[in-house]
Amino acid sequence: MNVLHRESIFLPPDGKQTPCLLGSRCDKCQTVVFPQMPVCPACLTNGAMQTVEIGRTAKLFSHTIARFAPAGFKAPFFQVFVDLPEGPRIFSLVGAACPIEPGVLEDGMDMRLVLEPLADTPENKDLLTYKYVPAAMHGESGRVRHA
Amino acid sequence: MREVVIIGVGAHATGQFAEKPLKELGYTAIWGALDDAGVSPADIDAAYVGNSIGGLLTGQEGVRGQVVLQHSGITGIPIVNVENACASAATALRGAWLEVASGAADVALAVGVEKMFVGDTARTIAALSAVSELDLSQMGMQFTTSYAIHPKINLKARMKEYGWTIADFAKPAVKNSYNGSLNPLAQHRRPLSIEQIVQSRVVVDPLTLYMCASISDGAAAAVVCSADMASKFTSKTPIRVASCVLRSGVYRLPDDDRLDTASTTAQAAYEAAGIGPEDLEAVELHDAMAPAELMLYERLGLCGPGEGPKLIDDGVTTLRGRVPVNPSGGLCSRGHPVGATGLLQIAELVWQMRGEAGERQIQKRPKVAMAQNQGGLLLGQDSAVYSCTILKT
């Protein structure tokens, strides 16, 4: 499968590790950002950023249901912002295990990373990306789910 | 730097003009401005042409400015293409202003033009997504999402924080649709009620279709010159560019407690113009989504946190109020041809300040006005471009 934002996702080569996101942490000021950047946006130091594994878990910051889908996506679908414990607040989609109904998601909920197809459409069903699901609905520790 | 005045503006109505290419839309606006200013093509020393998604939508990826201007008889001079998403035209005005202020030119032209109706709405929406950083748009984020849940604006959170209701979200669109109904150039000329807006189709929870600016074809242009030359060309009241501020988004971490960039941009504009928000007598601002207008009232210093709906309820920002906002109908009603909007805002304010705004004329002719425009979306929370221009007579 192809992976969207391939350089931002750690795909474990074997079953011993779980997938996660790859961000940058500044050696100088410890700020963590996602996606990776060469210059720290907080202290503006060039060349002090190290790649770090982040985002296996997250807290839901905000959420909405998109009722109109852009090309390549299917409505309705969740669009969310999540806070990673390592620092960044990022945009994400929600995994298929989560029913698309009002009231299912609550800001502040614990979430877990999954890797799933970007959308259930011909253009995007073979493109893998990161999504989050409520921890209570998380099945197999973030292992890859196939369409 | 020299004092710069606007001596002419022109516009092509906003709406659906499928048969007109960019250069035709531009021609109407450009010659409207030239004639209004009393200048000929030969008088123009430099030109800036704003257009955002014309490459994707028309195929003319490069040199759109030169193509548009040649069609209108303007060639040979320095021409700069300006792409700054929904603030392209405001940026074009800044370029023209700087040419004259610096002395590099005596008379300069700013144009904004956009063609969004290309017979395939999906293509247009996809092109619009391309002014957001790709990491976001590739995951299906749309500009409506960014208004609903993006930490920068987070309209959903405002409902909890301020007690704003869905009806409050609709109020700017009610006001602007009424203003638009009086504007012969507006795309949408039907006054809408709160019920109609709230009950229109949900795009992204809880934002509805009639709360969104619609896609539009349109164009606008302005001729600027050195203040001491204005009377050479026209006897109309010259409109002074008191300040013209451009900023870019800044990268924000979750605990960022700095002022919003729309606020800092406005503050810089107020400072350079020697005024405060209380001095404004008319405003054209960036209501890409109607409820964003409520947030912009705060960010531009027109009211305190959460007080936006009250400003409308009390009539302060209506046409008859103390500081009419979006007398043209704004982006929602007048329409939002993205590369042209910044100059459509300027044209409206010039007409208002001259007393040429017809049925929607603000009774007490504004002497101090602001155009606020922004566009694009970056990782790190902010919009890509922020612009504020203050005009004075």
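Considering the overall build of chain B
The helix and strand tally for chain B stands at 16 helices and 11 strands. A compact globule built from 393 residues should have a C-alpha radius of gyration of about 21 Å, and chain B, at 19 Å, falls within 12% of that. Oriented by its inertia axes, the alpha-carbon framework of chain B measures out at about 55 × 45 × 40 Å. Scored against the burial criterion, the 393 residues of chain B give a buried share of 64%. Counting only contacts in chain B whose residues sit at least 6 apart along the sequence, the fraction spanning at least 24 positions is 76%. If you sum the accessible surface of chain B, you get close to 13400 Å²; carbon and sulfur atoms cover 52% of it. Where the 33 positive side-chain charges of chain B centre and where its 40 negative ones centre are 3 Å apart.

Concerning the pattern of salt bridges
Residue and element names in this part refer to chain B. In this structure the tally under the stated criterion is 27 salt bridges over all chains. When the shortest N-O distance is used, the salt bridge between D217 and K115 registers 3.4 Å. Placement of the pair is D217 in strand β7 (residues 217–226) and K115 in the loop between β4 (107–114) and α5 (121–129), with a sequence separation of 102 residues. Exposure class is identical for D217 and K115. Each is buried. A salt bridge links E284 to R334, with the shortest nitrogen-to-oxygen separation between them at 3.3 Å. Of the two residues, E284 sits in strand β9 (residues 282–284) while R334 sits in helix α15 (residues 330–334), which places them 50 residues apart along the sequence. Residues E284 and R334 agree in their burial class; the two are buried.

A closer look at the packing of aromatic side chains
What the rule picks out here adds up to 6 aromatic pairs over all chains. A ring pair is formed by A:F34 and A:Y130, whose centres lie 5.7 Å apart and whose planes are at 85 degrees; its orientation type is edge-to-face. Taken together, the residues A:F34 in the loop between β4 (32–33) and β5 (49–54) and A:Y130 in strand β10 (residues 127–134) connect sequence positions 96 residues apart. Look at A:F34 and you get buried, because its relative accessible area is 8%. The buried category is assigned to A:Y130, whose relative accessible area is 4%. Here the aromatic rings of B:F143 and B:Y147 are separated by 6.2 Å at their centres, their planes lie at 90 degrees, and the arrangement is edge-to-face.

A look at the interface of chain A and chain B
At the interface, 34 residues of chain A touch 26 residues of chain B. A buried area of about 2500 Å², summed over both sides, lies between chain A and chain B, and 64% of it is on carbon and sulfur atoms. Linking chain A with chain B are 2 salt bridges. The salt bridge involving B:K160 is made with A:D107; its shortest N-O contact spans 3.6 Å. Taken together, the connections running from chain A to chain B amount to 11 residue pairs in polar contact (both at pLDDT 80 or more). Elements represented by at least two residues in the side of chain A that touches chain B include exactly β4, β6 (57–66), β7 (77–83), β8 (89–94) and β10 of chain A.

As for the environment of A:L105
Residue and element names in this part refer to chain A. Within the secondary structure, L105 is located in the loop between β8 and β9 (110–117). In this structure the C-alpha to C-alpha distance between L105 and I90, which are 15 residues apart in sequence, comes to 17 Å. Ignoring anything within four residues of it in the chain, the contact list for L105 reads L60, H63, F78, V80, V94, C98, M111 and P134.

What to know about the side chain of B:N373
All names here are of chain B. Position of N373 relative to the elements: it lies in strand β10 (residues 368–375). Accessibility expressed as a relative area gives 1% for N373, which makes it buried. If sequence neighbours within four positions are ignored, N373 has contacts with C86, A87, A90, H286, T341, G342, Q345, V385, Y386 and S387.

Thoughts on the sheet that holds strand β8 (residues 239–248) of chain B
Residue and element names in this part refer to chain B. Taken together, 9 strands build an open sheet; the order of strands is β3-β2-β4-β7-β1-β8-β11-β10-β9 and the sheet is mixed. In the strand order of this sheet, the two ends are held by β3 (79–82) and β9, each with one partner. Strand-to-strand, the axes of this sheet are offset by a mean angle of 20 degrees, without reference to chain direction. Packing of helix α4 (residues 88–102) onto the sheet brings it into contact with β1 (4–15), β2 (46–50), β3, β4, β7, β8, β10 and β11 (385–392), and relative to β4 it is tilted by some 170 degrees. Of the strands in this sheet, β8, β10 and β11 touch helix α12 (residues 261–273), which is tilted by about 150 degrees from β8.

As for the confidence of the model for chain A
Within chain A, residue pLDDT values average 92, and 95% of them lie at 70 or more. For residues 141–147 of chain A, every residue scores under 50 in pLDDT, and the model assigns this stretch 20 contacts once sequence neighbours within four places are set aside.

Details of the nonpolar core
Counting 95 residues, the largest nonpolar core has A:L21, A:Y130, A:Y132, B:L280, B:Y297 and B:I390 as the members making the most contacts within it. Core analysis: the next-biggest nonpolar cluster, separate from the first, contains 38 residues, B:W97, B:A101, B:V350 and B:L391 among them.

Digging into the packing of helix α9 (residues 166–181) of chain B against helix α13 (residues 290–299) of chain B
Residues and elements named next belong to chain B. Look at α9 against α13: their axes get within 6 Å of each other, and the N-to-C directions meet at 100 degrees. As far as their axial angle goes, α13 and α9 are roughly perpendicular. In this structure, α9 uses D168, F169, P172, A173, K175 and N176 to contact α13, whose residues at the interface are A290, P291, E293, L294 and Y297. Its residues assigned to classes, the contact of α9 with α13 shows 7 nonpolar, 1 polar and 3 charged.

Side note on the pairing of β11(B)
All names here are of chain B. Where burial is concerned, most of β11 is hidden: 8 out of the 8 residues are buried. Judged by which residues are buried, β11 turns out to be covered on both faces: V385, S387, T389 and L391 on one side and Y386, C388, I390 and K392 on the other are all buried. Sheet analysis places β8 next to β11, joined by 8 bridges and oriented antiparallel. Across the sheet, residue R247 finds its bridge partner in β11, namely Y386. Sheet analysis places β10 next to β11, joined by 8 bridges and oriented antiparallel. Its bridge partner being in β11, N373 is matched across the sheet by S387.

Topic: the confidence of the model for chain B
If pLDDT is low for a region, its predicted coordinates should not be looked at in detail. Of the residues in chain B, 100% reach a pLDDT of 70 or more, and the chain-wide mean stands at 96. On the interface metric, ipTM, the complex scores 0.91, and its pTM is 0.96.

Calculation rules
Numbering of residues starts from 1 in each chain and follows the order in which that chain's sequence is written. For naming, the first written chain is A and the first written ligand is 1, with later ones following in the order written. Where local features are concerned, this predicted model is filtered to residues with pLDDT of at least 70; where side-chain atom pairs are given and counted, the filter is 80 or more; whole-chain, interface and lining totals use all residues. Heavy atoms throughout the structure, all of them, feed into the side-chain values; hydrogens and water do not. Counting from the N terminus, the helices are the DSSP runs of H or I reaching at least four residues and the strands are the DSSP runs of E reaching at least two. C-alpha atoms define the radius of gyration, and 2.2 Å times the number of residues to the power 0.38 defines the globule rule. Only protein chains enter the accessibility calculation, which uses a 1.4 Å probe. A residue is then buried if its area is under 20% of the maximum for its type, exposed if over 50%, and partly exposed in between. In this analysis, two residues are considered to be in contact whenever any of their non-hydrogen atoms come within 4.5 Å of each other. Computed by Shrake-Rupley with a 1.4 Å probe, the accessible areas treat only the displayed protein chains as cover when residues are assessed. Only four residue types enter the charge count, namely Lys and Arg as positive and Asp and Glu as negative; His and the chain termini do not. For charged residues, the charge sits on one atom: NZ in Lys, CZ in Arg, CG in Asp, CD in Glu. Throughout this description, the term salt bridge denotes a Lys or Arg side-chain nitrogen within 4 Å of a carboxyl oxygen of Asp or Glu. Stacked, tilted and edge-to-face are the three classes applied to pairs of Phe, Tyr and Trp rings, where Trp contributes its six-membered ring and a pair requires centres within 6.5 Å; stacked means planes under 30 degrees apart, edge-to-face means over 60, and tilted covers the rest. Defined in terms of a 1.4 Å probe, buried area is the accessible area two parts forfeit on being brought together, summed over both. In protein, a polar contact requires one atom able to donate a hydrogen and another able to accept it; more generally it is a pair of N or O atoms within 3.5 Å, and residues adjacent in sequence count only if both atoms are side-chain atoms. Two strands pair if DSSP finds at least two bridges between them. Fitted lines through C-alpha atoms serve as axes, helices being fitted only where they are in contact, and the angles separating the N-to-C directions of these axes extend from 0 to 180 degrees. Per-residue confidence from the predictor is reported as pLDDT, which spans 0 to 100. In these notes, a set of buried Ala, Val, Leu, Ile, Met, Phe, Trp, Tyr and Cys residues joined through side-chain atoms within 4.5 Å is what counts as a nonpolar core. Roughly parallel covers angles under 35 degrees, roughly antiparallel covers those over 145, roughly perpendicular covers 65 to 115, and oblique covers all other angles. Under this grouping Gly is polar, as are all residues other than the nonpolar Ala, Val, Leu, Ile, Met, Phe, Trp, Tyr, Cys and Pro and the charged Asp, Glu, Lys and Arg.

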